[in-house]
Amino acid sequence: MYDTLDRSQLKNVGKSAVRLDVKEKLTGEAVYVSDMVLPGMLYAQIKKSPHARARILSIDTSKAEALRGVRAVLTGSELDYRLGLYVVDKYLLAKGEVRHYGEAVAAVAAESLQIAREAVDLIEVTYEVLDPVLNHMDAMKEDAPLVHPDLGSYDYIKAVFTPIPGTNIANLTKLRKGDVEQGFADSAFVVEREYDNPSVQHVPMETHVSIVKWGSGDRVTIYTSAQSPFTVRNLFCRTFSLPFNKVRVIIPYVGGGFGGKAGIHIEPLTACLSKKAGGAPVKFQASREEEFSLLPCRSALTYRIKTGVSEEGKILAQKMEMYWDAGAYADYAVNVTRASGYSASGPYEIPNAWVDAYTVYTNKPYGTAYRGFGHVEFHWGIERHMDLVAKTIGMDPLEFRHLNALRPGSITLTGEKITSHSGDVLACLDAVAKAIGYGKKSKEEKLREKESGLRIGKGIAILQKAPAMPSNTATAAIVKMNGDGTVSVAVGLTDIGQGSTTALAQIVAERLDFRLDQVFVKVEKDTDSDPYDWQTVASKGLIMSGNACILACKDLLQKGYAVASHVLKACVDDLGHDSEAVFVRHDPESRISWPQIALGYAYPDGKAIGGPLIGIGSYIAQGLSNLDKETGQGKPALDWTFGAHGIICEVNPVTGEYTLRKIASAFDVGKVVNPQLLRGQIIGGMLQGLGTAMCEGYIYDGSGHLLNPSFTDNKIPTAKDLPFEVETIAVENAQVDGPYGARGVAEHPMISVAPALGNAIYQAVGADLSHMPIRAEDVWRALHNKQPIDNWITKTPVGSCRSTPVLGSHSPSHALEP
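Here is a short report on the structure shown in this document.

What counts, and at which threshold
Here the residue numbers are simple positions, counted from 1 along each chain's written sequence. Where totals are concerned, whole chains, interfaces and linings use all residues; where local detail is concerned, this predicted model gives features only for residues with pLDDT of at least 70, and gives and counts side-chain atom pairs only at 80 or more. With hydrogens and water set aside, each side-chain value is computed from the structure's full complement of heavy atoms. Numbered from the N terminus, helices here are DSSP runs of H or I no shorter than four residues, and strands are runs of E no shorter than two. For the radius of gyration, the atom set is restricted to C-alpha positions; the globular benchmark scales as 2.2 Å times the number of residues to the power 0.38. Throughout this description, buried means an accessible area under 20% of the type-specific maximum (1.4 Å probe, protein chains only), exposed means over 50%, and partly exposed covers the range between. Between two residues, a contact is recorded if the distance between any of their heavy atoms is within 4.5 Å. Neither His nor the chain termini are counted; the positive set is Lys and Arg, and the negative set is Asp and Glu. Throughout, a charge is located at the NZ atom of Lys, the CZ atom of Arg, the CG atom of Asp or the CD atom of Glu. When two rings of Phe, Tyr or Trp (its six-membered ring) have centres within 6.5 Å they constitute a pair, described as stacked for plane angles under 30 degrees, edge-to-face for angles over 60, and tilted for the intermediate range. Each polar contact in these results corresponds to two N or O atoms within 3.5 Å; when the atoms are within protein, one needs to be able to donate a hydrogen and the other to accept it, and residues that are neighboring in sequence are counted only if both atoms are side-chain atoms.

## Remarks on the overall build of the chain
- In terms of helices and strands, the chain carries 19 helices and 34 strands.
- Over its C-alpha atoms the chain spans a radius of gyration of 28 Å, differing by no more than 12% from the 28 Å that the globule rule assigns to 818 residues.
- Reported as C-alpha extents along the three principal axes, the dimensions of the chain are approximately 95 × 75 × 55 Å.
- Looking at the 818 residues of the chain, the share that counts as buried comes to 62%.
- Long-range contacts, defined as pairs at least 24 residues apart, comprise 79% of the intrachain contacts of the chain with a sequence gap of at least 6.
- Side-chain charges of the chain comprise 84 positive and 93 negative groups, with the mean position of each set lying 1 Å from the other.

## Some points on the packing of aromatic side chains
- Counted by the stated rule, this structure contains 18 aromatic pairs.
- Ring plane angle 5° and centroid distance 5.2 Å describe the contact between Tyr-323 and Tyr-358, whose orientation is recorded as stacked. Taken together, the residues span a long stretch of sequence, with Tyr-323 in strand E17 (residues 315–327) and Tyr-358 in strand E18 (residues 353–361) at a distance of 35 residues. In this structure, Tyr-323 and Tyr-358 share a single accessibility class: buried.
- An aromatic cluster is defined as three or more aromatic residues linked by ring pairs; in this entry it consists of Tyr-81, Trp-214, Phe-236 and Phe-240.

## Notes on the side chain of Thr-501
- Relative to the helices and strands, Thr-501 is located in helix H14 (residues 500–512).
- When sequence neighbours within four positions are dropped, the list of residues in contact with Thr-501 reads Leu-20, Asp-495, Val-521 and Val-523.

## Here's the deal with unusual backbone geometry
- For the bond running from Met-772 to Pro-773, omega is -5°, close enough to zero to count as cis.
- Position of Pro-773 among the secondary structure elements: in the loop between helix H18 (753–765) and helix H19 (776–783).
- Residue Asp-331 is not a glycine yet carries a positive backbone phi of 40°.
- By the element assignment, Asp-331 lies in the loop between E17 and helix H9 (333–342).
- Take Asp-331: its relative accessible area is 10%, and that puts it in the buried class.
- Positive phi values are uncommon outside glycine, yet Ser-752 reaches one of about 70°.
- With respect to the helices and strands, Ser-752 occurs in the loop between strand E33 (725–731) and H18.

## Remarks on the side chain of His-136
- Locating His-136 in the fold gives a position in helix H4 (residues 136–139).
- Here Thr-302 takes part through its side chain, which lies 2.8 Å from a polar atom of the side chain of His-136.
- Other than its neighbours up to four places away in sequence, His-136 contacts Ala-300, Leu-301, Thr-302, Tyr-323, Asp-325, Val-360 and Thr-362.

Here it is, written out as structure tokens:
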């Protein structure tokens, strides 16, 4: 929408407006659920399993119930409710068997947090410890213990997902394009390798927290730190068979989400405690350790890629097998598998492709959505693999990507044709290559190598992602004019730190031709008063809510013009407006101010017309379809955002220690709405991507105990870990159906940071890595365990058939994710 407007004429869009919530957050005025205390509020604590897999023989809660100040105690035997976004497989409290370390077994609500903790310690649980299945590749074996023996009886969304009863496979996504075997037969080279990465935590600044009051008449009020009030409400009501109008969900300021607060998690159990406590409000806030074990994480992935290329370096065929570790429950992991499946090749045109993507149950904390929705993980494999293929056939990695990347006319894995307005991944690639001086070393860099003994490497990686969402994803916006001519905006999209409140205010101000200070976008979300939005996920918020706001502004202006035309006795088509008034364009002195008509206009004789000016806009994803379950063909993508990273790093060739000198990141954002917000988004995502690349990852012992459930042993990067130089680049090819040509870029800065680093390290010292994270000791090991590049390749005459072994770095043992 309005993608062709001359950018120089825009007053608000494209400008670096300061975040509208900055003062509230900096001064502590912003209220989070963590800050809230309601009258008569109780405090909840949870008894958690110390075992990864065990049969529950008995639970004795008598001592806890007898403790003074305890108001409610619950065990799984009292709660016959299941949760599940796509596969309904999780009890609120474990029943019969625990399926992962840290799983909730019992819960307490008490008059103070200290009493609740004491009560939980008094609960006695007797277990029969069972052998867990801890590695997703082991879970694929025919004799593996079944995490969910009753998988065949679970409800699930049949049009989209395919669980396989009698196995640990929660979902299988398949994609077939062309004839992959013929493609391999026609290839001059076939390169095959396996890549993997561990589970990691979202670590939002504000941990999961909810306050729930189950009132009389089954009226439930939920205050929660979540990413979507409507998803929480809808799933809550489905779980308890309640009508939507009996459940109210309120989300104030949110201290970060990153996908971990999508869906529904602690709200139903907290609600049950409130109900048992007679309707008193109950608050549960997860500790940092509970974030790591009780609550979900990002799924681990093993990715096997086999690529066939021609003598000239053109990709002819690619077979991709993904094994996603769902952990104990399916949650979002099945949809991550689906989204990664149809995007598995990265931004490359593959004429003959085969994808099998499995979601695999294990006895570990369960996986969910995480910034990038699987794309961070599989781009690690794809972009390391593309460098491997290029080097194997003797082609520069930049040249190889230029030859094979998507461009207008290319056909994606699912059969979609790329157009000139889809975005330009090659422009992003060339921008970062130029920014880091790819392919050469400056005099200063050569001198630094000589003086320091370090080796400088430069790596590149490209990326793509489309919103992963249902084909009927919809949203709405309400823009109402106040009596003084200012406007208030309500949307269901939640600002979890990404700055959507400011960006949407700029879009509204632009469409209304108002000043930005005349526009207020409400931060707090309330299902009783705000319009519907599907979810705050998938980088779809700007494009969809932005369009809904534009349509709501159009509706408000039409209603305002209708009133003004009567007052001014002029044709509607002859009217114009500015931030102060509506006027007759050929007679600007004939005008009526917005405050005069905002709530209805009264003539001098007292007769009135009009009424409150309220604009309503609704927007739904257009042209999308479900994917064919056998071929994966269809239209899953609302839009594509392409990008690239370039990294300069210096590596100690003896110890493997390395430092990042520079990172350059470029994204085709369609059109920039707020340059300052965009830069902040890119830097934040890039740093989060560096955490995945350099240090983060769950570590388990042989019994499935999580050994690093805190920042003591599970490090995340801070501002001190930023590269010495960061360059952010916006490429602009307008998205035709985006608001003022914009498209989303919230998740993308995190994607492909890791492979750009891996490629730079290889270029510096030849250390070849196929597992994340890349710690100094991993580089050292790779330096001392090199494999000849010929081990990854079979070269035969064109037309012959053969198979190649899967080679690469060692896979971690079933008990350890290093």
